Amino acid sequence: MIVTLDKKQKIKESLKKTKEKRKNQIAKVYQLKISYSNLNKQQKQWLKRVFLEAKWLYNYVIADIPNRLNPQTEKAKQVEIKTPNGFEIREINCLSSQMKQGILDRIRKNLSDLSKAKQKGIKVGKLKFKSQVRSIPLKQNNITFKVLKNKNRIKLQRLKKPVRLLGLHQLPENSYIAKAELIKKPDGYYIYLTCYIDKEQIKQEKINKPIAIDFGIKHQLTLSNGIKINYFIEETKRLRKLQKKLSRQKKRSRNYQKTKEKIQREYQKIYNRRKDIQNKIISLLKKYKYVLIQDEQIKQWQRGLFGKQIQNTGIGGVISRLKQNLETLISVDRYEATTKICSRCGNKKEDIKLSDRTYKCEVCGLVIDRDLNSAINILKIGLEKVEETTIKNIGLDRPELTPVERKATARILGSNPYIRVSYASLKQEAPN
Ligand SMILES: [Zn+2]
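Residues numbered from 1 in each chain as written. Predicted model: local features only at pLDDT ≥ 70, side-chain atom pairs only at ≥ 80, totals over all residues. Heavy atoms only, no water.

**Student:** Sorry, what's going on with the overall build of the chain here?
**Tutor:** When its secondary structure is counted, the chain shows 14 helices and 18 strands. With 432 residues in all, the chain has 42% of them scored as buried. Once local pairs closer than 6 in sequence are excluded, the contacts in the chain between residues at least 24 apart make up 68%. Here the chain has roughly 25800 Å² of accessible surface; of this, 50% comes from carbon and sulfur atoms. (Helix = DSSP H or I, 4+ residues; strand = E, 2+ residues; numbered from the N terminus. Buried < 20%, exposed > 50% of the residue type's maximum accessible area, 1.4 Å probe, protein only. Contact = heavy atoms within 4.5 Å. Areas by Shrake-Rupley, 256 points an atom, 1.4 Å probe, with all protein chains shown as cover.)

Laid out in structure tokens, this is it:
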């Protein structure tokens, strides 16, 4: 008796503590895609099967709620389902008992929602059979699932090898993972991860300053704070090999089909890599109060010499995603001569060759990376459009890289092996 009281007391206390902690946190749900191209055969089969079993279990319980909605069912190794040929037995192998418990809890919740609605006088029916279950609750962190953040993977109960998860970098450093759901969508499988994040940390991670981007060929993105971002999305060697192979094979033969499928998978891989790179760059830029770009900078180039090169770098994708994602995106007129103007004194050069990687100002003596000079110019011109006066005076005469920015950049971009971050050189000589 004393023991149980003690235990109850402890649970009560820990609940109270959690409640206290949650006051200073906010819950956020992250939608993370399972990388299908990285799955092996067994994992693909498991994912397919686990949703089937969830449907069987759900319908099994719904068919006889008074007798089946109980902890006994959570242990069930098989269920009876109705088919056009009568009743059949189906094995439950992939669902763990916690997952089953989660599904049953959901039915309980639905029932209680129904009865609440009924009490309010709303006309309600019964729970219906499902032709498909699209979501499986994963209740306890570290039991039904375990996020392996450094490996970009998640371990799911009853599945031996962890699966690769895209977008885990979005999770802030000190986030507490509460629960998850396994989701099936037409375009693939997802994990919805519910996390608690300290309010204080979110505030710290917001960067209260504007940032301008210069898009280029040599360095794909140069930010006005001096950070240069390069990324590599090229056709892989494997893809070229496969294409060569395909050209030698007899059309519509079995092997031809097989090679074709392999090529499609390879394209998917490249596509995923590109998406992941774009996601990371965008989640970094989202931290800034304002993002400034020169409009149509890319379109001009696409028409010109560098069309092919630009296409391969996926810059166009980044820009259109920026336009969709950032509410505070400011674009500068494309006719502004951002490459010719000195970002310190405003002197305009007659011409600057594309091969000149450094901008040297004859008037004030500024020696600066060419792209960085442009980025700062875009920042200056763009900020004239901003009404907030406090933000206008930031980083205008020289690139400013704060520790917060440095940390955020390293955290977000550092986890992708195809992104390289470097810093633009800046030698500011004394004015003549
Ligand atoms: Zn100058």
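**Student:** Help me understand unusual backbone geometry in this model?
**Tutor:** Glycine aside, residues mostly have negative phi, and peptide bonds are mostly found in the trans state. One non-glycine residue, asparagine 142, lies in positive phi territory at about 75°. Structurally, asparagine 142 can be placed in the loop between strand E4 (135-138) and strand E5 (145-148). Given the relative accessible area of 52%, asparagine 142 is considered exposed. Of note, arginine 158 is a non-glycine position whose phi angle comes to about 75°, a positive value. Looking at arginine 158, the relative accessible area reads 46%, which means it is partly exposed.

**Student:** Would you take a moment to explain a positive patch on the surface for this structure?
**Tutor:** A surface patch of like charges, here positive, comprises Lys244, Lys245, Arg248, Arg254, Lys258, Lys262 and Arg265. Elements with a minimum of two residues in the positive patch: helix H7 (237-248) and helix H8 (254-285). Looking at the positive patch, the element that brings in the most residues is H8, giving four residues. Within the fold, lysine 258 resides in helix H8. (Patch = residues over 30% accessible without salt bridge, like charges linked within 9 Å, V, L, I, M, F, W, Y side chains within 5 Å. Salt bridge = Lys/Arg side-chain N within 4 Å of Asp/Glu carboxyl O. Lys, Arg positive; Asp, Glu negative; His and termini not counted. Charge placed at Lys NZ, Arg CZ, Asp CG, Glu CD.)

**Student:** Whenever I open this one, the packing of aromatic side chains confuses me. Can you help?
**Tutor:** For any pair of aromatic rings, geometry is given as the distance between the ring centres together with the angle between the planes. Under the criterion given, the structure shown has two aromatic pairs. Where tyrosine 36 meets tyrosine 189, the ring centres are 6.5 Å apart and the plane angle is 25°; that geometry is what we call stacked. A residue pair is termed long-range when its members are at least 10 positions apart, and tyrosine 36 in the loop between strand E1 (25-34) and helix H2 (41-63) and tyrosine 189 in strand E9 (residues 188-198) qualify at 153 residues. Under the relative-accessibility criterion, tyrosine 36 is labelled partly exposed at 42%. Both rings, one in phenylalanine 51 and one in tyrosine 189, keep their centres 5.8 Å apart while their planes meet at 25°; by these two values the pair is stacked. On the criterion of sequence distance, the pair formed by phenylalanine 51 in helix H2 and tyrosine 189 in strand E9 is long-range, its members being 138 residues apart. Neither phenylalanine 51 nor tyrosine 189 differs from the other in exposure class; each is buried. Above the plane of the ring of tyrosine 176 lies lysine 21, whose end atom (NZ or CZ) is 5.3 Å from the centre. Taking the ring centre of tyrosine 58 as reference, the NZ or CZ of lysine 130 above it sits at 4.6 Å. (Phe/Tyr/Trp six-rings, centres within 6.5 Å; stacked < 30°, edge-to-face > 60°. Lys NZ or Arg CZ within 6 Å of the ring centre and 35° of its normal.)

**Student:** Would you explain the coordination of the zinc ion in this entry?
**Tutor:** Geometry sets the ideal angles at a metal, namely 109.5 degrees for four tetrahedral donors and 90 or 180 degrees for six octahedral donors. Distances from the zinc ion to its protein donors, Cys342 (SG), Cys345 (SG), Cys361 (SG) and Cys364 (SG), fall within 2.3 Å. In the primary sequence, the donor residues of the zinc ion line up as C-x2-C-x15-C-x2-C. Accessibility assignment for this pair places cysteine 361 and cysteine 364 in one class, buried. (Donors = N, O, S within 2.8 Å, 3.2 Å for Na, K, Ca; no water.)

**Student:** Looking at this model, I keep getting lost on the sheet that holds strand E13 (residues 288-294). Mind explaining?
**Tutor:** In any sheet, the strands associate via hydrogen bonds between backbone groups, in a parallel or an antiparallel arrangement. The six strands lie next to each other as E14-E13-E10-E11-E12-E17, forming an open sheet whose pairing is mixed. Across the chains shown, the open sheet's two edge strands, defined by having one partner strand only, are strand E14 (329-332) and strand E17 (419-423). Averaged over neighbouring strand pairs, the angle between their axes works out to 25° when direction is ignored. For strand E10 (residues 207-215) and E13, the ladder comprises five bridges, and the chain directions are parallel. Looking across to E13, one finds that isoleucine 207 is bridged to tyrosine 288. Along the sheet, helix H12 (residues 370-383) makes contact with E10, strand E11 (221-223), strand E12 (227-231), E13 and E14, crossing E10 at roughly 125°. (Pairing = 2+ DSSP bridges. Axes fitted to C-alpha atoms, helices over the stretch in contact; angles between N-to-C directions.)

**Student:** Teacher, can you tell me more about the sheet that holds strand E8 (residues 175-185) here?
**Tutor:** Spatially, seven strands are ordered E4-E8-E9-E1-E7-E6-E5 in an open sheet, and the strand pairing comes out antiparallel. Two strands lie at the open edges of the sheet, namely E4 and E5, each paired on one side alone. Between one strand axis and the next, the sheet turns through 30° on average, direction left out of account. In this structure, E5 lies alongside strand E6 (residues 153-156), joined through four bridges in antiparallel fashion. By the bridge assignment for E6, leucine 148 is matched with arginine 153. Lying on the sheet, H2 is in contact with E4, E6, strand E7 (163-166), E8 and E9; it crosses E8 at an angle near 85°.

**Student:** Please explain the nonpolar core as it appears in this structure.
**Tutor:** Across soluble globular proteins, nonpolar side chains have a tendency to be buried as a group. One finds Leu182, Ile191 and Leu193 to be the most contacted residues of the largest nonpolar core, which totals 45 residues. No other element matches the 11 residues that H2 contributes to this core. Every residue in contact with leucine 193, bar those within four places of it in the chain, is listed here: Lys28, Val29, Tyr30, Leu32, Phe145, Val147, Leu168, Leu171, Ile177, Lys179 and Ala180. Membership of the second largest hydrophobic core comes to 32 residues, among which are Phe215, Leu223, Ile277 and Ile293. (Core = buried A, V, L, I, M, F, W, Y, C linked by side-chain atoms within 4.5 Å.)

**Student:** Would you mind showing me how to read the pattern of salt bridges here?
**Tutor:** A side chain of one charge can pair with a side chain of the opposite charge if their charged atoms are brought near each other. Within this structure, the stated rule accounts for 17 salt bridges. With a closest N to O distance of 2.8 Å, glutamate 53 and arginine 49 form a salt bridge. Taken together, the residues span about one helical turn, with glutamate 53 and arginine 49 both in helix H2 at a distance of four residues. With its nearest N and O atoms 2.9 Å apart, the salt bridge here joins aspartate 276 to lysine 280. Placement of the pair is aspartate 276 and lysine 280 together in helix H8, with a separation of four residues, close to one helical turn.

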